[in-house]
Protein chains: 2
Amino acid sequence: MLSHEYFMKIAIEQAKIAFDKGEVPVGAIVVSNNLIIAKAHNLTESLTDVTAHAEIQAITSASNYLGAKYLTQCTMYVTLEPCVMCAGALYWSQIDKIVVGASDERRGFISKNITLHPKTTYEVGILKDECSQILQDFFKLRR
Amino acid sequence: MLSHEYFMKIAIEQAKIAFDKGEVPVGAIVVSNNLIIAKAHNLTESLTDVTAHAEIQAITSASNYLGAKYLTQCTMYVTLEPCVMCAGALYWSQIDKIVVGASDERRGFISKNITLHPKTTYEVGILKDECSQILQDFFKLRR
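These numbers come from a predicted model, not from an experiment.

Caption draft 1: Quick look at helix 2 (residues 54-66) of chain B. Residues and elements named next belong to chain B. In this model helix 2 runs 18 Å from its N-terminal to its C-terminal C-alpha over 13 residues, within 8% of the 18 Å that 1.5 Å per residue would give. For helix 2, every residue scored as buried is listed here: Ala-54, Glu-55, Ile-56, Gln-57, Ala-58, Ile-59, Ala-62 and Ser-63. Turning to helix 2, the residues buried within the fold contact strand 1 (27-32), strand 2 (35-41), strand 3 (74-80) and helix 3 (84-93). After helix 2 finishes, the residue Gly-67 shows a positive phi value of roughly 65 degrees.

And the structure:
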């Protein structure tokens, strides 16, 4: 059994790819039985599409891999707490677990009281300093 | 100035296309200056993707048409009240207005207290009987 930190590091690599493209650096991966079945990063600027968050693309990609709409028995590792849109998408996916890096108190689903699917659990704070540092670095450069 | 009913009828045509594909029949269009710039319908089954709601695809398609991420000065006509995911996506789009056909008290964003963008207004109930009838017909067939 590989650790949450192991997988979060791979999500952070995705965030770094976003960073290098001038995208808000958020990365997400989907893991099923210790196998990474999807890797994605935010592409809203590159695709000129507000829906192209890392999580949405990771869900689409994982479903494509599985040939199934529902991500039961899957875990998503995401470097930033999902927004309302992405939490809503994760609800529909019936994903088993969401592991979050940094909290997003302003835009994240937790403070907005968004309910996940009854099948879904989550935990927050895995490698949170590393996950938020890359965001801070990005916004410092943009100012 | 064309009426809300005129445009909602075109969204209903999209819902009917979804119906014929065996998809939950929801349609959405995006209008800018009286011009329809995007038409979409639910494709979650066809694409095996829970994120493929009509609204998500209409946003992506409208942004593609405009070459711009934000749908300011656009109106979405959608046959069913958007869910949490779609309301979250509409938030990011900064769309000017959302015109809804039928309410969705169980899954819709209104009862879940999802906040739209401060720039966005909405109204509910345009051709609501026609919009909900097609859904009722669909679920009756599936039972």
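Caption draft 2: Seen up close, the interface of chain A and chain B. Tallying the contact residues gives 25 residues for chain A and 25 residues for chain B. With both chains or domains summed, chain A and chain B bury close to 2100 Å², and 69% of this area falls on carbon and sulfur atoms. Where chain A packs against chain B, one counts 2 salt bridges. Notably, a salt bridge pairs Glu45(A) with Lys69(B), separated by 2.6 Å at the nearest N-O pair. When residues of the side of chain A that touches chain B are traced back to their parent elements, those giving at least two are helix 2 (54-66) and helix 3 (84-93) of chain A. If you tally residues by element for the side of chain A that touches chain B, the top one is helix 3 of chain A, at 7 residues. Residues that form the side of chain A that touches chain B fall into these classes: 12 nonpolar, 9 polar and 4 charged.

Caption draft 3: The relation of the copies chain A and chain B, seen in detail. Note on the identical chains: chain A maps onto chain B by a rotation of 180 degrees and an axial translation of 0.0 Å, with an RMSD of 0.0 Å. These values place the two chain copies in the arrangement generated by a two-fold rotation axis. Residue Met85(A), judged by its C-alpha, is the member of chain A lying nearest the rotation axis, at 2.0 Å. With an isologous cut-off of 70% or more, the 100% of interface residues of chain A that recur at the interface of chain B puts this contact in the isologous class.

Here is what the cut-offs are and how they apply
- Counting from 1, residues in each chain are numbered in the order their sequence is written.
- In the order they appear in the text, chains get letters beginning with A and ligands get numbers beginning with 1.
- Selection of residues for local features in this predicted model requires a pLDDT of at least 70, selection of side-chain atom pairs for listing and counting requires 80 or more, and totals for whole chains, interfaces and linings are taken over all residues.
- The basis for every side-chain value is the complete set of non-hydrogen atoms in the structure, without hydrogens or water.
- Secondary structure counts use DSSP, requiring at least four H or I residues in a row for a helix and at least two E residues in a row for a strand, with both numbered from the N terminus.
- Expected helix span is taken as 1.5 Å per residue step, with the number of steps being one fewer than the number of residues.
- Exposure is judged per residue with a 1.4 Å probe applied to protein chains only, and the accessible area is read against the type maximum: over 50% gives exposed, under 20% gives buried, and values in between give partly exposed.
- Residues are treated as being in contact if the distance between any of their heavy atoms lies within 4.5 Å.
- By definition, the buried area sums, over both parts, the 1.4 Å-probe accessible area that each loses when the two are put together.
- Every case where a carboxyl oxygen of Asp or Glu lies within 4 Å of a side-chain nitrogen of Lys or Arg is listed as a salt bridge.
- Residues were grouped as follows: Ala, Val, Leu, Ile, Met, Phe, Trp, Tyr, Cys and Pro as nonpolar; Asp, Glu, Lys and Arg as charged; and all remaining residues, including Gly, as polar.
- Our superposition of the copies is a least-squares fit, built on the C-alpha atoms of residues whose pLDDT is at least 70 in both.

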